[in-house]
Amino acid sequence: MLMEILRKEGERQVKRRTSPDEDSGSESEEERLKDQREKDELVQHMKERDAAGTRKLTEQKLTRKEEEEAVRRSNAAEQDDIHSLRKFSRQEYLKKREEKKLEELRDDIEDEQYLFEGVKLSEVEQRDLRHKKELYELIKKRSEEADNVNEYRMPDAYDQEGGVNQEKRFSVAMQRYRDTHAEEKMNPFAEQEAWEEHQIGKATLKYGSKNKKQASDDYQYVFEDQIDFIKASVMDGDKFDYDEMEDSIEKSKAKSASEALQAERKKLPIYAYRDELLKAVEKYQVLVIVGETGSGKTTQIPQYLHEAGYTKHGMIACTQPRRVAAMSVSARVAQELGVKLGHEVGYSIRFEDCTSDKTILKYMTDGMLLREFLGEPDLASYSVVMVDEAHERTLSTDILFGLVKDISRFRPDLKLLISSATLDAEKFSDYFDSAPIFKIPGRRYPVEIHFTKAPEADYLDAAIVTSLQIHVTQPPGDILIFLTGQEEIETAEEILKHRTRGLGTKIAELIICPIYANLPTELQAKIFEPTPEGARKVVLATNIAETSLTIDGIKYVIDPGFVKMKSYNPKTGMESLLVSPISKASAMQRAGRSGRTGPGKCFRLYTAYNYQNDLDDNTVPEIQRTNLANVVLTLKSLGIHDLLHFDFMDPPPAEALLKALELLFALSALNKLGELTKVGRRMAEFPVDPMLSKMIVVSEKYKCSEDIISIAAMLSIGNSIFYRPKDKQVHADNARLNFHTGNVGDHIALLKVYNSWKETNYSTQWCYENYIQVRSMKRARDIRDQLAGLLERVEIELTTNSSDLDAIKKSITSGFFPHSAKLQKNGSYRTVKHAQTVHIHPSSGLAQVLPRWAVYHELVLTTKEYMRQITELKPEWLVEIAPHYYQLKDVEDTSSKKMPRGEGRA
DNA sequence: GAGCACTGC
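All of these numbers come straight from a predicted model, not from anything done at the bench.

## Some words on the overall build of chain A
What chain A contains, in helices and strands, is 36 helices and 23 strands. Expressed as a percentage of contacts within chain A between residues at least 6 apart in sequence, the contacts between residues at least 24 apart total 76%. Per element, the accessible surface of chain A, about 43,300 Å² overall, is 50% carbon and sulfur.

Below is the structure:
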């Protein structure tokens, strides 16, 4: 069947190539040449102006196409290795680093002389040497008095008395060395590591730090975790008169509010380019805009276009990757134009459409515009589409690119503006048929970038030490540390508290603020409270602080260089969340977070050599590392059939597309020709994953749509329903087990949670008592309401059938039958279709029950391959529900004689 | 008996 789909895809491609477009070929060619001439003229003109130092508008070369193609091909090849080579788990990483540290330690021991040179300080830091020395001794002493527990990855017996005790340190190190090498005898990697050392040495030398010996002559090794940084570069701020800026803001306060707003608008860097920009928009259909942070592009460009009359023939859409951005920017613009939000200026996000008939400037999330495509495939009501923050490459923006590029061909009146960061501009330009690039400078403060001199074995410890180092040596200003997840943040918080405890007035107060998305809202508010005079704030954040939220007052950024990233293996259909090194683009973005309100400093816990050689330039776009089932369904329902040749900017792996087609076919959303079926059309109405939407559509048959949409809503919020604070884990677990009485399975348990919450009239108190996140539940309610509305639209009656759990389970199975698994003798499971060994996730209510057959919501790879959210299944259902997918032999209970029911590992 | 970054529809 799949082959049939593929063959069809291929045929379409052939058809397309020889389609009637040929006729218009020569005409459009002529136009293109004319266009080219005009571009050339403009470029010449621009170049002249550029020389005068006023503005930059550059033309793109066409010659890069081939190069680009080669890169694409190699990217595709790399995809195969993505799970094995490029990403590696944190454990492996730490282990490797640990070995490296051991190696270093051995060198230490063999060459005692080295110990006395151990402290290497950059010249900048020499001044503060004495001051630091005192404070480090103090911190060291106090922190060890405070911890009689095992320090995080600290050897047991370092310098117990608080003073410097080289002898003891030496013996501990020696002991560690012996312990490890007793078994190993020798290190087979020594040679490789020596070579690496050498290479790293070469790299660090470039940045100079001669005379280090002088620096350490009068310095004792007091704080062995001291980290040395090298100031490698300064990320330039823009040439901008800050005094003038503040001055003008000051002056504008005196005027009336609206005058002040207008005056401020004129002070934005973009204002000087207004006329040039409008000219360029008039001349070209597609324009790539490079507007740096603070240039005012998001708020101003739509206004300029409105003033120039583009709104006479349709709305101006401006897409944002995030809801908050769409809301806040539109509010600002409404204020500047002096209109009420929701009238001329509005925003449209999921659950909230704040627009009206009058609306001409519409800010929206990118996913929302994508949804609008479904109802209006040519975007007829828009005259301009501006894709903002395009460099973030969200799944939705990537699809939007292909779609808007396509419609721009037959809608010459539609203007496209793509706004991106500097680095990607050329790529965007190439993709949009060499669209001109328009550059607007921003307002940024310079950021000093420091690298470590040597790789750090334990980045968490290094980050903590660095933050303390900053705290005692650097002028006031808050610190932002990027960590990978909740657990790590909690650990870091504990260690920091230990180390600063009891220091009293000896050092300034250190306020520790954790922040991650799953943190309850009331605790999140803490990071926005202004830092009291004399104190310093340390923000421990996940990637959320990289783009999603901005914290004022951050002056120092500590970047260990890791992030938790989702990747998808199309071969097995398994998603995994792995700690991976960040990209250079990401590192720059992180560094930039310190320069928002004044000059900043960024401390990277890796070497300049690592940065140059080990980090990718850009993060792999989401479209290349995700399950595409939803994307494929959306595109198919937009009438785009030839997916293998859809004009993606970075095409996803073909395997992932095929996997998605295969799944949609199995769900009967596509027929064997790869065409959308009636079921598929209905499924596409629901903004959830295809398996969930199939489950919803099928619930009509089993008369349990009310229950199913509750389950679907709960499943689509994912993992943040149950709150599990570190100190009350037992209570939280018990509370959760209450919903599992009768071993009904996780899906039904979720339904119970939702219904119980509803019965308490959506009580917040109830949530606290049951360790459930209120925020997630409210979200589930919103999603459920939306799904209920959509059910009406596809004419499915709302019915409930709570007493018949089998009906509900059958609906679930109808959506999730490809995710079925059978118990093995050893207590593990094997997936029915792919014979893959998997396990029940311990958080499941059925973890102890071990049903013979199970259907699961998703597979995640952590320490093992786990099924999350599972429900028991009767094997005959599989054949009944999906006869095209399972045959009797698949579900024949071969093991039934060997292992009767209930004999599982009890 | 384990542990989940961030968005978005």
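Read on for the rest.
## Concerning the UniProt feature "domain: Helicase ATP-binding" (unreviewed entry) in chain A
Sequence positions flagged by UniProt for "domain: Helicase ATP-binding" (unreviewed entry) are, in local numbering, residues 278-441. Secondary structure content for residues 278-441 is 40% helix and 25% strand, while the C-alpha to C-alpha distance between its ends is 17 Å.

## Brief notes about the side chain of Lys537
For Lys537, the position within the fold is in strand β14 (residues 536-541). When near neighbours in sequence (up to four residues on either side) are disregarded, Lys537 contacts Asp478, Ile479, Ile511, Cys513, Ile527, Glu529 and Thr531.

## Some thoughts on the protein's contact with DNA strand B
Every one of the 31 residues lining DNA strand B counts as a neighbour, but Ala517, Asn719, Arg724, Thr862 and Arg868 are closest to it. Backbone atoms, meaning sugar plus phosphate, form 57% of the atoms of DNA strand B positioned within 4 Å of the protein. Between Arg323 and DNA strand B, the recorded distance is 2.6 Å, taken from a backbone N or O atom to a phosphate oxygen. In the environment of DNA strand B, a phosphate oxygen lies 3.3 Å from a nitrogen or oxygen atom belonging to the backbone of Gln486. Of all the secondary structure elements, the ones that give two or more residues to the surface near DNA strand B are α16 (366-375), β16 (562-569), α30 (729-737) and β23 (865-872). Among the elements that line the surface near DNA strand B, the one with the most residues is α16, at three residues. When the residues that make up the surface near DNA strand B are grouped by side-chain class, the tally is ten nonpolar, eleven polar and ten charged.

## Here's the deal with the pairing of β23
Relative to β23, strand β21 (residues 837-840) runs parallel, the two sharing two bridges. Paired with Ile840 across the bridge in β23 is Met867. In terms of strand pairing, strand β22 (residues 853-861) meets β23 through seven bridges, oriented antiparallel. Of the residues in β23, the one forming a bridge with Val855 is Thr871.

## Focus: the pairing of strand β3 (residues 286-291)
Counting buried positions along β3 yields six of six residues, so the element is predominantly enclosed. Judged from the five bridges that link them, β3 and strand β9 (residues 415-420) form a sheet pairing that is parallel. Considered in β9, the bridge of Leu287 is made with Leu417.

## Quick notes on the packing of helix α19 (residues 459-473) against helix α20 (residues 486-500)
Two elements in contact, α19 and α20, have axes whose closest approach is 10 Å; the angle formed by their N-to-C orientations is 45°. Of the possible angle classes, the one that applies to α19 and α20 is oblique. Between α19 and α20 lies a crossing of right-handed hand. From α19, Tyr459, Leu460, Asp461, Ile464, Val465, Ser467 and Leu468 reach across to α20, where they touch Glu488, Thr491, Ala492, Ile495, Leu496, Arg499 and Thr500.

## Quick word on the environment of Leu305
Examined against the element boundaries, Leu305 turns out to sit in helix α14 (residues 297-307). Considering only alpha carbons, one finds Leu305 and Leu361, 56 residues apart in sequence, at a separation of 9.7 Å. With near-sequence residues (within four places) excluded, Leu305 lies in contact with Leu278, Val281, Tyr310, Thr311, Ile316, Val384 and Leu417.

## Observations concerning the packing of aromatic side chains
Throughout the structure, instances matching the rule amount to 14 aromatic pairs. On the numbers, 5.6 Å between centres and 50° between planes, the contact of Phe451 with Tyr611 is tilted. On the criterion of sequence distance, the pair formed by Phe451 in strand β11 (residues 447-452) and Tyr611 in helix α24 (residues 608-614) is long-range, its members being 160 residues apart. Taking the relative accessible area as the measure of exposure, Phe451 reaches 5% and is therefore buried. Of the residues examined, Tyr611 reaches a relative accessible area of 11% and is grouped as buried. Judged by centre distance (6.5 Å) and plane angle (80°), the ring pair of Phe817 and Tyr886 falls under edge-to-face. Of this pair, Phe817 sits in the loop between α34 (805-816) and β19 (820-823) while Tyr886 is found in the loop between α35 (875-881) and α36 (888-891), placing the two residues 69 residues apart along the sequence. Given a relative accessible area of 1%, Phe817 falls into the buried group. Residue classification places Tyr886 among the buried residues on the basis of a relative accessible area of 1%.

## Structural notes on unusual backbone geometry
Most peptide bonds take the trans form, and the phi angle of most residues other than glycine is negative. Despite not being glycine, Asn743 has its phi angle at roughly 45°, a positive value. Judged by its relative accessible area of 39%, Asn743 falls in the partly exposed class. Although it is not a glycine, Leu850 sits at a positive phi angle of roughly 50°. Along the polypeptide, Leu850 turns up in the loop between β21 and β22.

## Some thoughts on the pattern of salt bridges
Counted under the stated rule, the structure contains 26 salt bridges. With a shortest N-O distance of 2.9 Å, Lys362 and Glu372 are connected by a salt bridge. Pair noted here: Lys362 is in strand β7 (residues 361-365) and Glu372 is in helix α16, with a separation of ten residues, a long-range link. Each member of the pair, Lys362 as well as Glu372, carries the same accessibility label: buried. One salt bridge in this structure joins Asp647 and Lys405, with 2.7 Å as the shortest N-O distance.

## Quick word on the confidence of the model for chain A
Mean pLDDT over chain A stands at 74; residues scoring 70 or higher make up 70%. Contacts of residues 9-27 to residues separated by more than four positions or lying in other chains number 13 contacts, the stretch itself having pLDDT below 50. Every residue in residues 42-72 scores below 50 in pLDDT, and together they form 43 contacts with partners more than four places removed in sequence or on other chains.

## Observations concerning the packing of helix α31 (residues 746-759) against helix α33 (residues 774-793)
With their axes 11 Å apart at the nearest point, α31 and α33 run at an angle of 95° to one another. In terms of orientation, α31 and α33 fall into the roughly perpendicular class. Each of Val753, Tyr754 and Trp757 in α31 lies in contact with α33, whose residues at this interface are Met777, Lys778, Ala780, Arg781 and Arg784. Looking at the contact of α31 with α33 residue by residue, the class counts come to five nonpolar, no polar and three charged.

## Notes on α34
Taking 1.5 Å of rise per residue, twelve residues should cover 16 Å, and α34 covers 16 Å from first to last C-alpha, within 8% of that figure. Among the twelve residues in α34, ten count as buried, and that is most of the element.

## Some points on α30
Those residues of α30 not exposed but buried are Ala732, Asp733, Ala735 and Arg736. Down the axis of α30, the buried set is contained in an arc of 160°. They therefore lie on one face. The exposed set on the far side of α30, more than 90 degrees from its buried face, consists of Val730 and His731.

Scoring rules and cut-offs
- Residues numbered from 1 in each chain as written.
- Chains lettered and ligands numbered in written order.
- Predicted model: local features only at pLDDT ≥ 70, side-chain atom pairs only at ≥ 80, totals over all residues.
- Heavy atoms only, no water.
- Helix = DSSP H or I, 4+ residues; strand = E, 2+ residues; numbered from the N terminus.
- Contact = heavy atoms within 4.5 Å.
- Areas by Shrake-Rupley, 256 points an atom, 1.4 Å probe, with all protein chains shown as cover.
- UniProt positions renumbered as here; feature names shortened; annotations may be inferred.
- Near = heavy atom within 4 Å.
- Polar contact = N/O pair within 3.5 Å; in protein donor to acceptor, adjacent residues only side chain to side chain.
- Nonpolar A, V, L, I, M, F, W, Y, C, P; charged D, E, K, R; others polar.
- Pairing = 2+ DSSP bridges.
- Buried < 20%, exposed > 50% of the residue type's maximum accessible area, 1.4 Å probe, protein only.
- Axes fitted to C-alpha atoms, helices over the stretch in contact; angles between N-to-C directions.
- Parallel < 35°, antiparallel > 145°, perpendicular 65-115°, else oblique.
- Left-handed = near helix turned anticlockwise from the far one by under 90°.
- Phe/Tyr/Trp six-rings, centres within 6.5 Å; stacked < 30°, edge-to-face > 60°.
- Salt bridge = Lys/Arg side-chain N within 4 Å of Asp/Glu carboxyl O.
- pLDDT = per-residue confidence, 0-100.
- Expected span 1.5 Å × (residues − 1).
- Arc of directions from axis to C-beta.

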